[in-house]
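Observations on the three-dimensional arrangement
The lines below spell out each chain.
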Amino acid sequence: MSENFNHAQIIKDPGDNYKILGTRPVRHDGVDKVTGRAIYGNDVQLQGLVEGAILRSPEAHARILSIDTSEAEAHPGVLAVTTSADFPDLGDKIANLGEGPVNLAHLAANCLAKDKVLYKGHAVAAVAAQNVHIAREALDLIKVEYEPLPIVTDVLEAMKDGAPLLHEGLLTNLVPGGEKAEAPSNISDHHHFKRGDTEAAFEAAHIVVEREFTTQTVHQGYIEPHVATAHWNQDGQLTVWASTQGSFSAREQTSEVLQIPISKVKVIPCEIGGGFGGKIPIYLEPVAAVLSRKCGRPVKIQMTRDGVFEGTGPTPASFMRIKLGVDEAGKMTVGEAWLAYDTGAFPGGVIGPGVMCVFSCYDIEHAHIDGYDVCVNKPWTKAYRAPGSTHVAYAVESVVDELAEKLEMDPIDLRLLNAAREGTKRVDGPVYPRIGLIETLEAAKNHDHYKSPLEGPNRGRGVAAGFWFNIGLKSAATAHVNADGTVTLLEGSTDIGGTRTSISMQLAETLGIAAEDINPKVADTDSVGYTDITGGSRVTFATGLAAVEVGKDIISQMKERAAKLWECEAADVEFSDGIFSQGDNSISFKELCAKLSRTGGLITARASVDPQGFTNGFGVHICDLEVDVETGKVQILRYTALQDAGKAIHPSYVEGQLQGGSVQGIGWALNEEYLFDEKGHMLNPTMLDYRMPTALDVPMIDTVIIEVPNPSHPFGVRGVGETPIVPPPGAIANAVKSAIGIRMTELPMSPPRVHSAITEDGNGAS
Amino acid sequence: MGKKIHVSTTINGEAVEFLCEARQSLLEIIRDTLTLTGAKEGCNNGNCGACTVLMNGVPVDSCLVLAVEAEGAELETVESIANEEHLHPLQECFLEGAALQCGICTPGFLVSAKALLDGHPEPTEEEIRFELSGNLCRCTGYDKIVRAVQAASERMKEVK
Amino acid sequence: MAIVHVPPQMQKLTGGLTEVEAEGDSLRRLVSNLDTAYPGFKDRLIKDDLVAPGLAISIDNVVTSRGIFAEVLQDSVIHIIPAISGGR
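Residues numbered from 1 in each chain as written. Chains lettered and ligands numbered in written order. Predicted model: local features only at pLDDT ≥ 70, side-chain atom pairs only at ≥ 80, totals over all residues.

As for the overall build of chain A
The cut-off we apply is this: Put simply, DSSP marks the helices as runs of H or I at least four residues long and the strands as runs of E at least two long, and each gets a number from the N terminus on. Taken over C-alpha atoms, the radius of gyration is set against a globule rule of 2.2 Å times the number of residues to the power 0.38. Neighbour counting defines burial: a residue surrounded by 20 or more other C-beta atoms within 10 Å of its own C-beta is buried, one with 12 or fewer is exposed, and intermediate counts give partly exposed, using backbone-placed C-beta atoms.
Helix and strand content of chain A: 21 helices and 31 strands. Here the C-alpha radius of gyration of chain A, 27 Å, is about what a compact globule of 766 residues would show, namely 27 Å. Projected onto its principal axes, the C-alpha positions of chain A cover 90 × 75 × 55 Å. Counting all 766 residues of chain A, 63% fall into the buried class.

Written out as structure tokens, the structure reads:
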């Protein structure tokens, strides 16, 4: 075969001699996914299935005076209508739902508004009918009386005294510390970190650069709209077919909103058409459940695309002020960050990781960080791939670039001089274990892309670094060893990008068998042990770890069987490379499997893990681009993403994460934003107008994988999924500066913004 | 709604008849009535291409075609790309080249790519990107999709 | 004695001290001892046996998910940091 899929350059760790890890088997669910047979959320077909639709608020902020559903209920073909009146009263209960505490009243009121609507598109009521057309007709017959209230959509406006308040009783939470402010405001959290003496350090600094940046609301943009099917059985058992990043989390959220025991809820995870953080929260599940309870039939609700844009959690708009100081040699001595992210309609956005990530790439002695989480009349923001980190990386990497210019230093050299390494203490406290930022920067510096000349007018090159955590959390796995030498693996992590295979490969490596001999299944919440969400770049790391533990359990049980065969002690049986041996005896894994049923029965093994601690991933991106000065359009010419990925289990899917994250970052940098009118209505809730990148907008994305092993995983695995979205806006802004001499301090750098910046610059207004 | 309308059409080589309302899209009928759920609904307004099918050999967003317009048409969906025993080279190359992550856009890409290669067996990278620009993918960044189409084009040439 | 780094927003409790020492082989005992020396810590850090909403506790650079049951060593270093969550 002549084709070349153009694999990444991989910089291996010297100690690496794996057999299965690092190969590229075809994914286990592959054939189903290229033939159209895979069952996604909307492909569920059930006896008596009916369809639902959601009524959304036309107002961005209003009190609900009354809702009259009588005409809708009488409409032919309508089976049930629901509003928040059908939800139990939740008071102000906080529940810990796996990935963090959730205010249940907010969660429920976001699924169906209670006394107020807080954003245009806020769900207000829902209908189940014989088909979706009838359900939508009925929505028009629901009469809602609103009392419009003043709105605020801008994060800085919302922080001012006298701004319209979304939640009358909201008192700012002072974090870390838990103390509350005295007077209500829209500011839900104020994070604060300080170390050293920043004032004196700025005074002493050789060069200080201070800049302000703004970014707009962006959406994860998964192609599959949210969809849920619920069937509430007469015995009180609720089954939910969900498109979710975490079936156990969806089960907990649903049971809490409906106040029914988790044992009464089974969540069956369907194939999921993208998530990127946006499919962790629930929206439809309890609504479909209540409709099903009312009409006795299974109810499926799929959101419309404008419902997805207007009614689900995008990631926040922000205002950021960054100030950095360096000494004469270029050593960063001091940094200050003032960050305000909008959290949308309800408290609890992504400012926390924002404050932890802002200076995370650098070793800075004196630092001062303030971060604010601010409610505005927009959808409740949620995680989007490395939530909160892309914003601050755009701002900080722009300032670092400007420092390099002023110092007349190579921008990678400046970063190398200041890069975080093992032992560096982050501003919020924790000290880094073994990390690979230095190695990644060096690989970027030595890359052909960085060394190649870039010529031509209005062309420029930029680099930027980025950081994200990998969380651990809980995962479980169960395996059944079959007589033919294969292993069935049950795990609970929704597979969004090939994780069935990356998990199976770790079990295969442990057992010394082929990846194809593992048969992985993503099981429902009744069929596998508790597993946290697919998110935080954790699945290949933590569920992979569970698979390794399962493998060890299988080996130890099989050693006992081998000992029976050879009439020796199990402790004397050795295992390596798929062969059990003792003295002159030896037997392969497969051969021993064939003897299991006669030596005590087939084997089942299980593991449940809760790895403590973060690992960390760093990326460095290089971007060449050209600016069309007539129109302001930016064309990416060449793009390279390098990442400290730990051991790349399946390199093709690591490359895919780097490429996909880069292109999402390019979209964020160049085009994507929510546009609002003065009434708080989103003007572009379609994919064409929101303008995600198409195949024609981007070049091939080169990747380099630097395998700096993670010390807290047996194979050195780091999560890779999120970091790649972090560097692109900074790298692109720096390249635009190098192309046309203008520093773009607003995202997106869309043609109108770039064009007007060029025009203003031409008028000497820069 | 008024009376249902009778439509005769051919789908994946098989003659079928169905009754539909005037307001129903071809996508709805293919998925719900004919239970071929390979074509996906991503936007229902022709933006994303996840519902792409071939209508008389031409790729169309089936969410923008009314079911009644299918009268007398020949339709092909992703379900027809592989034969009984073998995957199509495009499908093989999508798998070997890891050109899908979540997979929701994959049926639409495969149908569009097949239409491209059927009419134009050796497209350039630029032509591939242009012809596939009506299909959105949010996971891959397109690199591996474009390379899979290139690889399939090579593989189909070798088979000939 | 473990060392607890006190974030700026809690330094009121320690009279301005940025780090304090406390005894305890679990987070529960450590926080309880801390609260005796500097009243108010327990309310701020622990809610219903879990680390308070929005907070995370790093013990020797590892963020624990075990709440009050997390193990603390003689010479552990403890940081109080924001929780990572994609919305609550």
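Section: the overall build of chain B
Applied cut-off: By the convention adopted here, residues make contact when the C-beta atoms placed from their backbones lie within 7 Å.
In terms of regular secondary structure, chain B is built from five helices and five strands. In chain B, the succession of α and β elements from N to C terminus is β-β-α-β-β-β-α-α-α-α. Relative to its length of 160 residues, chain B is compact, with a C-alpha radius of gyration of 16 Å against a globular reference of 15 Å. Across its three principal directions, the C-alpha atoms of chain B cover 50 × 30 × 25 Å. For chain B, with 160 residues in total, the buried portion stands at 59%. Put simply, 58% of the contacts in chain B that link residues at least 6 apart link residues at least 24 apart.

Examining the sheet that holds strand β26 (residues 579-582) of chain A
Residue and element names in this part refer to chain A. Here is the rule we go by: Whether two strands pair depends on DSSP finding at least two bridges between them. Angles shown run from 0 to 180 degrees and are taken between the N-to-C directions of axes, each axis being a line fitted to C-alpha atoms and, for helices, limited to the stretch in contact.
Strand order in the open sheet formed by three strands is β25-β26-β27, with antiparallel pairing between adjacent strands. Single-partner strands in this sheet number two, and they are β25 (574-576) and β27 (585-588). Adjacent strand axes in the sheet meet at a mean angle of 20 degrees, parallel and antiparallel pairs treated alike. Contacts from helix α16 (residues 539-566) reach β25, β26 and β27, with the element oriented near 45 degrees to β26.

A short note on the interface of chain A and chain B
Note the cut-off: Polar here means any residue outside two lists: the nonpolar Ala, Val, Leu, Ile, Met, Phe, Trp, Tyr, Cys and Pro, and the charged Asp, Glu, Lys and Arg; Gly therefore counts as polar.
Across the boundary between the two partners, chain A contributes 50 residues, which contact 51 residues of chain B. Of all the elements in the fold, those that place two or more residues in the side of chain A that touches chain B are α1 (30-34), α18 (651-670) and α19 (687-690) of chain A. Top element by residues in the side of chain A that touches chain B is α18(A). It accounts for eight residues. Taken together, the residues of the side of chain A that touches chain B sort by class into 22 nonpolar, 22 polar and six charged.

As for the packing of helix α11 (residues 389-407) of chain A against helix α12 (residues 411-418) of chain A
All names here are of chain A. Cut-off, in case you're wondering: Roughly parallel covers angles under 35 degrees, roughly antiparallel covers those over 145, roughly perpendicular covers 65 to 115, and oblique covers all other angles.
Contact geometry for α11 and α12: axes closest at 9 Å, N-to-C directions at 110 degrees. In terms of axis orientation, α11 runs roughly perpendicular to α12. Residue-level contacts link Val400, Asp401, Leu403, Ala404 and Leu407 of α11 to Pro411, Leu414 and Arg415 of α12. Taken together, the residues that form the contact of α11 with α12 break down as six nonpolar, no polar and two charged.

So, helix α1 (residues 27-37) of chain C
All names here are of chain C. Convention followed: The arc in question is the one spanned by the directions pointing from the helix axis to the C-beta atoms.
By the burial criterion, the buried members of α1 are Leu27, Leu30, Val31 and Leu34. The buried residues of α1 occupy an angular sector of 95 degrees when the element is viewed end-on, so they sit on one face. Tucked inside the fold, the buried residues of α1 contact β1 (2-5), β2 (19-22), α2 (41-45), β3 (46-47) and β5 (55-59).

As for the nonpolar core
All names here are of chain A. Short version of the rule: The term nonpolar core means buried Ala, Val, Leu, Ile, Met, Phe, Trp, Tyr and Cys residues held together as one set by C-beta atoms within 7 Å.
Core analysis: the biggest nonpolar cluster contains 326 residues, and Val127, Ala128, Val240, Leu339, Ile732, Val736 and Met749 have the highest contact counts within it. Of all the elements, α16 adds the most residues to this core, at 11 residues. Setting aside residues no more than four positions away along its own chain, Ile732 makes contact with Gly462, Cys623, Leu625, Ile666, Ala669, Leu670 and Met749.

Some details on the arrangement of the chains
For this structure, the chain pair with the highest number of contacts among two pairs of chains in contact is chains A and B. The smallest C-alpha distance separating chain B from chain C is 20 Å, and no contact links them.

Considering the domain arrangement of chain A
All names here are of chain A. Applicable threshold: Residue ranges labeled as domains rest on an automatic or database domain assignment.
When its domains are assigned, chain A resolves into domain 1 (1-16 + 431-470 + 613-766), domain 2 (47-150 + 220-311) and domain 3 (475-609). In this structure, domain 1 and domain 2 have C-alpha centres spaced 36 Å apart. In this complex, domain 1 contributes nine residues to the contact, which on the side of domain 2 involves nine residues. Residues of the side of domain 1 that touches domain 2, tallied by class, amount to five nonpolar, three polar and one charged.

What about the environment of Met159(A)?
All names here are of chain A. Mapped onto the fold, Met159 is located in helix α5 (residues 155-159). Measuring from C-alpha to C-alpha, the distance between Met159 and Arg415 comes to 34 Å, with 256 residues separating the pair along the chain. Apart from residues lying up to four places away in sequence, Met159 is in contact with Asn186, Ile187, Ala340, Tyr372 and Val374.

A closer look at the sheet that holds strand β9 (residues 143-148) of chain A
Hydrogen bonds between backbone atoms are what pair the strands of a sheet, whose relative direction is either parallel or antiparallel. Strand order in the open sheet formed by three strands is β7-β3-β9 (chain A), with antiparallel pairing between adjacent strands. Both outer strands of the open sheet, β7 (116-117) and β9 of chain A, are each paired with one neighbouring strand and no more.

Focus on the interface of chain A and chain C
Counting residues at the interface gives 47 residues for chain A, matched by 27 residues for chain C. Elements supplying a minimum of two residues to the side of chain A that touches chain C: β5 (94-96), β6 (101-103), β10 (171-175), β12 (187-195) and α10 (351-357) of chain A. The greatest single-element share of the side of chain A that touches chain C, amounting to five residues, is contributed by β12(A). Considered class by class, the residues forming the side of chain A that touches chain C number 23 nonpolar, 17 polar and seven charged.

Thoughts on the domain arrangement of chain B
All names here are of chain B. Its domain assignment divides chain B into domain 1 (5-79) and domain 2 (89-159). Taking only C-alpha atoms, the centre of domain 1 and the centre of domain 2 are 22 Å apart. Each side of the interface is counted separately: domain 1 has 13 residues, and domain 2 has 11 residues. At three residues, strand β3 (residues 52-55) tops the list of elements feeding residues into the side of domain 1 that touches domain 2.

Observations regarding the pairing of β26(A)
Residue and element names in this part refer to chain A. Going residue by residue along β26, you find Phe580 and Gln582 tucked away on one face and Ile579 and Ser581 left uncovered on the opposite face. Looking at chain direction, β26 and β27 are connected through four bridges and run antiparallel. Bridge pairing in β27 places Gln582 opposite Asn585. Hairpin connection of β26 to β27: two residues between the antiparallel strands, including Gly583 at a positive phi of 55 degrees.

With respect to unusual backbone geometry
Residue and element names in this part refer to chain A. Note that the residue after Leu747, namely Pro748, is joined by a cis bond; omega there is -10 degrees. You can see Pro748 is positioned in the loop between α20 (728-740) and α21 (751-762). The phi angle at Glu567 is positive, at roughly 50 degrees, despite the residue not being glycine. Summarising the element assignment, Glu567 is placed in the loop between α16 and β25. Positive phi values are uncommon outside glycine, yet Arg691 reaches one of about 65 degrees. On the secondary structure map, Arg691 appears in the loop between α19 and β31 (701-706).

Some details on the pairing of strand β3 (residues 62-68) of chain A
All names here are of chain A. The sheet contact formed by β3 and β7 spans two bridges and is antiparallel. Bridge assignment links Ala62 to a residue of β7, and that residue is Val117. Where β3 and β9 come together, six bridges link them in antiparallel fashion. Paired with Ser66 across the bridge in β9 is Glu145.

Topic: α11(A)
Basically, it comes down to this: Any helix carries an expected span of 1.5 Å times its number of residues minus one.
An ideal rise of 1.5 Å per residue puts 27 Å on 19 residues; α11(A) measures up with 26 Å between its terminal C-alpha atoms. With its phi angle positive at about 55 degrees, Glu408(A) sits one or two positions after the end of α11(A).

A word on the environment of Gly460(A)
Residue and element names in this part refer to chain A. For Gly460, the location among the structural elements is in strand β21 (residues 459-470). C-beta crowding within 10 Å serves as the criterion here: with 22 such atoms nearby, Gly460 is assigned to the buried category. Linking Gly460 and Met687, residues 227 residues apart in sequence, is a C-alpha distance of 29 Å. Discounting chain neighbours no more than four positions away, the residues touching Gly460 are Leu625, Ala735, Val736, Lys737, Ser738 and Ala739.

Concerning the environment of Asp532(A)
When you line up the elements, Asp532(A) lands in the loop between β24 (518-522) and α16. Taking the C-alpha atoms as reference points, Asp532(A) and Ser493(A), separated by 39 residues in sequence, lie 7.5 Å from one another.

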